[in-house]
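Listed here are the chains, written in short residue letters.
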Amino acid sequence: MTENVTISRAGGIQEIAFNRPEKKNALTRHMYAAVVDALRSGDADPAVRVTILTGVGDIFTSGNDIKDFQVRAASNATSAASPFLDALSTLEKPLIGAVNGAAIGVGTTMLAHCDLVVAARSARFVMPFTSLGLVPEAGSSLLFPQLLGNQRASALLLLGEPMTAEQGLQWGFVNQVVDDADLMETARGLARRMAALPPGAIRQTKKLIRHGAPDTTARIAEELELFRARLQSPEAGEAFAAFVEKRKPDFSRFD
Ligand code: COA
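None of these values were measured; they are calculated from a predicted model.

Caption draft 1: Structural detail: the side chain of Thr54. Tracing the sequence through the fold places Thr54 in strand β3 (residues 50–55). Using a relative accessible area of 6% as the deciding quantity, one classes Thr54 as buried. Of the polar contacts made by the side chain of Thr54, one reaches the backbone oxygen of Ala98; its length is 2.9 Å. Within the structure, Thr54 has its side chain in polar contact with the side chain of Asn100 (distance 3.5 Å). Once residues lying within four places of it in the same chain are set aside, the contact partners of Thr54 are Ile16, Ala17, Phe18, Phe60, Ala98, Asn100, Leu183 and Met184.

Structure, rendered in structure tokens:
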């Protein structure tokens, strides 16, 4: 295990698990770096055919660590998520999301870059960017309207409404919903099928399916620019302080 991320490789399948259950698998700078290393080295290693992303415990991930957001806002540090989004959106080998419990913020947006998503019945997808004074990231402002239509995407991205596992299935965001106990075996079954197929054909097919990638890359960059500015906004400052102080945020003074 490196920095709260568990990585294993066997039989052509790499498994990456967010492993910080005491903080609901909130993603720190170090965790992003560990995942980027695993994704990049998996792409370069012929022994890896496919990667599964999952979370340890009762949650996939609660998204970016909010205390890290506060540190970044104060120091103007570079985005730790940026190399992660770059690795995700340019990955050549297939990626399978295996979602247990809540997937919040980047926890949901990263799944739009997965080739297959399996959800446990406990899964729910939430993107509370606006309530944190932020804007969407990971290309989600482009990918979600494309995938779900403008109205559903607006409910998820403007209001932060949760999407259940069943809704995800009906709306085409999720391939399969299974009992929680069957989640990993289902994901591994799909991964084994993928790993047995000709790897060159798989990589080229993935590239064709992700043909909109140049648009996505540009949108990721545009979102990151706005996101960086929003992190330092008084609205975000109030939202982060409220989270840390375990109180309701008050946005009434902002115009
Ligand atoms: N960043 C930093 N810490 C987080 C976190 C996050 N994104 N999500 C959870 N934690 C921490 C909590 O502060 C708490 O820490 P503490 O024990 O030191 O007080 C611990 O993880 C457990 O979380 P808690 O809120 O008590 O668990 P819960 O089961 O009641 O709720 C969540 C779980 C995920 C619904 C809730 O923690 C939450 O909403 N987290 C924030 C999600 C978010 O807004 N992410 C950013 C998206 S851009």
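Okay, back to it.
Caption draft 2: Spatial organisation of the side chain of Glu238. Its place among the elements puts Glu238 in helix α11 (residues 234–244). By relative accessible area, which is 8% here, Glu238 ends up buried. A distance of 2.8 Å separates a polar atom in the side chain of Glu238 from a polar atom in the side chain of Arg247. If sequence neighbours within four positions are ignored, Glu238 has contacts with Arg247, Lys248, Pro249, Asp250, Phe251, Arg253 and Phe254.

Calculation notes
- Per-chain numbering applies: the sequence of each chain, read as written, is numbered from 1 onward.
- Whole-chain, interface and lining totals are the exception, using all residues; otherwise, since this is a predicted model, local features are given only for residues with pLDDT of at least 70 and side-chain atom pairs are given and counted only at 80 or more.
- Hydrogens and water are ignored here; the side-chain numbers use all heavy atoms of the structure.
- Secondary structure elements are defined from DSSP: runs of H or I of at least 4 residues count as helices, runs of E of at least 2 residues count as strands, and each element is numbered from the N terminus.
- Using a 1.4 Å probe on the protein chains alone, a residue whose accessible area is under 20% of its type maximum counts as buried, one over 50% counts as exposed, and one in between counts as partly exposed.
- Two N or O atoms count as a polar contact when they lie within 3.5 Å, although within protein this holds only if one can serve as hydrogen donor and the other as acceptor, and sequence-adjacent residues are included solely when both atoms are side-chain atoms.
- Two residues qualify as a contact provided that any one of their heavy atoms is within 4.5 Å of a heavy atom in the partner residue.

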